[in-house]
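Spelled out, the chains give:
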Amino acid sequence: MLKKKNIFILIIMIVFLLLSGCSGKPNGEGASSEPFFVNCDSDFVKHGDIIYFYEGGLSSEPDSKLRFLDVSTGECMPLCGKPDCMHNGADCNASVNATGFIRLMLYNGRLFWIESGSPEFILYSIKTDGTDRRKELTLDDELYSLAYGEGTAEIHEGVLYVCGSASRVSDGRPSIVCAVFSQPLNGGEAKLIYRSNERAFIFGRICGDILYFTESEMWPDSDDNSDKPLVLKLFSYNTKTEELSELYRDERADAYYRYLLAADDALYLAGYQTAAVFSLADKSFSHYRSDNNMAMDIGEGIMLRWESPNSYLCSDLNGVPLFHGTYPPEGLSGQPFGKIYIGSSNNKFYYYACLAPDDWSSENWYIMEFDLETHETKVLWEHEVKFDEQFSR
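Residues numbered from 1 in each chain as written. Predicted model: local features only at pLDDT ≥ 70, side-chain atom pairs only at ≥ 80, totals over all residues. Heavy atoms only, no water.

Trainee: Sorry if this is basic, but what is going on with the overall build of the protein chain here?
Mentor: Per the secondary structure count, the protein chain includes 2 helices and 29 strands. A burial count over the protein chain gives 54% of its 393 residues as buried. Excluding contacts between residues fewer than 6 apart, the proportion of contacts in the protein chain whose partners are at least 24 apart in sequence is 46%. (Helix = DSSP H or I, 4+ residues; strand = E, 2+ residues; numbered from the N terminus. Buried < 20%, exposed > 50% of the residue type's maximum accessible area, 1.4 Å probe, protein only. Contact = heavy atoms within 4.5 Å.)

Here is the structure:
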């Protein structure tokens with residue numbers, strides 16, 4: 001299983017390295033990311049017809065690029081507004097000196113991201129037309145060292161809010177901590193909002209003036225506490241009054257979640273085999289589970305449950321089936337080899353997906369748009385990766 005996962009990551013790295021292009025840039029002044037669109041642990045954000053993403057979240061190359069994809073035309077290119085730039089060096093405006101996720105954010109017409117310096121962590125930004133790149137802030141090193149791993153970051157009214165986990169060594173043994181903190185863009189003092197020493201994922205989402213975040217314990221990494229039930233906690237933090245409240249706790253959640261959305265007076269959670277909705281109005285918690293170890297994707301009032309690698313079932317948030325279908329979509333062929341749920345927006349789901357022929361001589365990678373009303377799938381971008389004979393499966 002681990003070998004397959006490593007191969008999967010390697011293939012993604014190859015795909016993004018082959019992405020290139022040069023043309024016009026989008027104009028997103030005043031833009032902020034759309035509320036349902038997932039930017040948790042993915043470095044994809046969206047505004048209108050433009051999806052912005054960072055290839056380095058899926059690549060280990062040091063000269064990775066910020067890119068944008070116009071979903072109306074399929075045009076995909078580095079986000080650089082420098083005249084005559086060839087986009088092949090560190091001086092390109094789209095170049096990012098980081099590996100792993102950079103917590104890509106869209107705020108007031110600018111893209112923001114975090115790079116690890118030497119030894120500082122720095123917040124950078126660039127206009128959505130690829131110009132005016134600049135350093136915004138040096139992050140509080142002590143607080144960010146508690147949250148540099150998987151998680152989320154958002155900017156609200158000039159303040160950066162970070163939710164994340166981090167690997168630590170305690171008493172000679174590896175451990176995981178998670179934290180939530182804020183830091184003003186104007187250079188004001190950073191503030192710790194929440195910290196936990198539990199082995200957990202922590203993701204947040206701002207809705208109105210409220211930062212909602214979830215602490216979802218992950219599976220243990222040893223047999224020492226394999227029978228320990230997984231605990232789920234939901235919190236709200238008022239960015240105006242600085243009041244922190246626990247909204248919900250499940251001491252025996254028996255599942256862990258990988259992203260959180262906040263919209264329409266509800267919190268939406270989803271993970272590998274589970275999804276849930278927490279009503280902010282009546283504090284009710286609805287839990288949905290997959291019985292076949294397949295992914296569950298949620299957004300736009302729709303829950304998409306993968307019944308198998310080749311079929312899906314869509315239902316409403318009460319679990320009532322709405323429609324089902326097969327995969328790959330019409331016009332495409334090959335064996336499914338991985339799907340990454342990017343997010344949802346305007347009654348559409350977005351995926352990064354791979355299909356391969358039976359002989360595995362190549363792989364075809366796509367960014368797909370699935371229309372929840374027409375049930376049709378549109379390919380926004382595609383790329384073929386061919387393997388040498390020695391690498392064929």
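So that's the structure; there's more coming.
Trainee: Would you mind showing me how to read the sheet that holds strand β11 (residues 159-170) here?
Mentor: Taken together, the 4 strands give an open sheet; going across it, the order is β10-β11-β12-β13, and neighbouring strands pair in antiparallel fashion. Two strands in the sheet have a free side with no partner beyond their single neighbour: β10 (151-156) and β13 (191-196). The mean inter-strand angle of the sheet, taken between neighbouring strand axes irrespective of direction, is 25°. In this sheet, β13 lies alongside strand β12 (residues 173-184) in antiparallel orientation, the contact comprising 5 bridges. Across the sheet, A179 pairs through a bridge with R195, a residue of β13. (Pairing = 2+ DSSP bridges. Axes fitted to C-alpha atoms, helices over the stretch in contact; angles between N-to-C directions.)

Trainee: What am I meant to see in unusual backbone geometry here?
Mentor: It is generally the case that most residues other than glycine have a negative phi and that most peptide bonds are trans. Backbone torsion omega between Y327 and P328 reads 5°, so that peptide bond is classified as cis. For E242, which is not glycine, the phi torsion reads 65° and is therefore positive. Take E242: it is sitting in the loop between β16 (232-238) and β17 (244-250). With relative accessibility at 45%, the residue E242 sits in the partly exposed group.

Trainee: Teacher, can you tell me more about the pattern of salt bridges here?
Mentor: It is possible for side chains bearing opposite charge to pair when their charged atoms get close. Under the counting rule described, the total for this entry stands at 11 salt bridges. Residues D132 and R110 are paired through a salt bridge, measuring 2.9 Å at the closest nitrogen-oxygen approach. In this pair, D132 is assigned in the loop between β8 (121-127) and β9 (134-138) and R110 in strand β7 (residues 110-116), connecting sequence segments 22 residues apart. For D132, a relative accessible area of 34% translates into the label partly exposed. (Salt bridge = Lys/Arg side-chain N within 4 Å of Asp/Glu carboxyl O.)

Trainee: Would you mind going over the environment of D265 with me for this structure?
Mentor: The residue D265 is located in the loop between β18 (259-263) and β19 (266-270) in this model. Separated by 13 residues in sequence, D265 and F278 place their C-alpha atoms 8.8 Å apart. Among residues more than four places away in sequence, those in contact with D265 are F278, S279, L280 and A281.

Trainee: Would you mind going over the environment of T374 with me for this structure?
Mentor: Within the element layout of this structure, T374 appears in the loop between β28 (362-371) and β29 (377-386). Between the alpha carbons of T374 and N347 there is a distance of 9.9 Å; along the sequence they are 27 residues apart.

Trainee: Just checking my understanding: could you explain the nonpolar core for this structure?
Mentor: For soluble globular proteins, the rule of thumb is that nonpolar side chains tend to be buried together. By size, the foremost hydrophobic cluster in this structure holds 29 residues, and its most contacted members are I298, L304, F349 and F370. When residues of this core are traced back to their parent elements, those giving at least two are β18, β19, β20 (274-279), β22 (296-299), β23 (302-308), β24 (311-316), β27 (348-356) and β28. The residues contacting I298, other than those within four sequence positions of it, are Y259, L261, Y268, L269, A270, A275, A276, V277, M303, L317, Y341 and F349. In terms of nonpolar packing, the next biggest core, distinct from the first, is built from 22 residues, C85, C92, W113 and I122 among them. (Core = buried A, V, L, I, M, F, W, Y, C linked by side-chain atoms within 4.5 Å.)

Trainee: For this particular structure, what's the right way to read the sheet that holds β7?
Mentor: Adjacent strands of a sheet form backbone hydrogen bonds with each other and so pair up, either parallel or antiparallel. Reading across from one edge, β6-β7-β8-β9 is the order of the 4 strands in this open sheet, with antiparallel pairing throughout. One side of each edge strand has no neighbouring strand; the edge strands of this open sheet are β6 (105-107) and β9. Averaged over neighbouring strand pairs, the angle between their axes works out to 35° when direction is ignored.

Trainee: Whenever I open this one, the side chain of S362 confuses me. Can you help?
Mentor: Along the chain, S362 falls in strand β28. The exposure class assigned to S362 is buried, which follows from its relative accessible area of 7%. Those residues in contact with S362, other than ones at most four positions away along the chain, are A356, P357, E384, V385, K386 and F387.

Trainee: Can you walk me through the confidence of the model for the protein chain in this structure?
Mentor: A low pLDDT score tells you not to read the predicted coordinates there in detail. The pLDDT averaged across the protein chain works out to 80; a share of 81% of its residues lies at or above 70. Ranking the elements of the protein chain by mean pLDDT puts helix α1 (residues 2-17) last, at 36, and β13 first, at 96. Scored below 50 in pLDDT, residues 1-25 makes 56 contacts in the model with residues more than four places away or belonging to other chains. Taken together, the stretch residues 389-393 has pLDDT below 50 and engages in 10 contacts with residues farther than four places along the chain or on a different chain. (pLDDT = per-residue confidence, 0-100.)

Trainee: Where do I start with the packing of aromatic side chains in this structure?
Mentor: Within a pair of aromatic rings, the relevant descriptors are the distance that separates the centres and the angle that separates the planes. A complete count under the given rule lists 21 aromatic pairs for this structure. Here the aromatic rings of Y248 and F278 are separated by 5.6 Å at their centres, their planes lie at 50°, and the arrangement is tilted. Residue Y248 is located in strand β17, and its partner F278 is located in strand β20; the two are separated by 30 residues in the primary sequence. Pair check on accessibility: Y248 and F278 agree, each one buried. Centroid distance Y248 to F285: 4.4 Å. Interplanar angle 10°. Geometry classified as stacked. Placement of the pair is Y248 in strand β17 and F285 in strand β21 (residues 285-289), with a sequence separation of 37 residues. In textbook terms, an aromatic cluster arises when at least three aromatic residues are bridged by ring pairs, as seen for W306, Y312, F323, Y327, Y341, F349, Y351 and F370. Lying across the ring of W306, K339 places its NZ or CZ 4.1 Å from the centre. (Phe/Tyr/Trp six-rings, centres within 6.5 Å; stacked < 30°, edge-to-face > 60°. Lys NZ or Arg CZ within 6 Å of the ring centre and 35° of its normal.)

Trainee: Teacher, can you tell me more about the pairing of β20 here?
Mentor: Regular strands have side chains that alternate between both faces of the sheet. Most of β20 is tucked away, with 6 of its 6 residues classed as buried. The side-chain alternation of β20 yields two buried faces, one formed by T274, A276 and F278 and the other by A275, V277 and S279. Sheet topology places β19 next to β20; 5 bridges connect them, and they run antiparallel. Bridging across to β20, L269 finds its partner in A276. Relative to β21, β20 is paired through 5 bridges, and the arrangement is antiparallel. Bridged to T274 within β21 is R289. Taking the residues that link successive antiparallel strands as the turn, the β20-β21 hairpin has 5 residues, and the phi of K283 there is positive, at about 65°.

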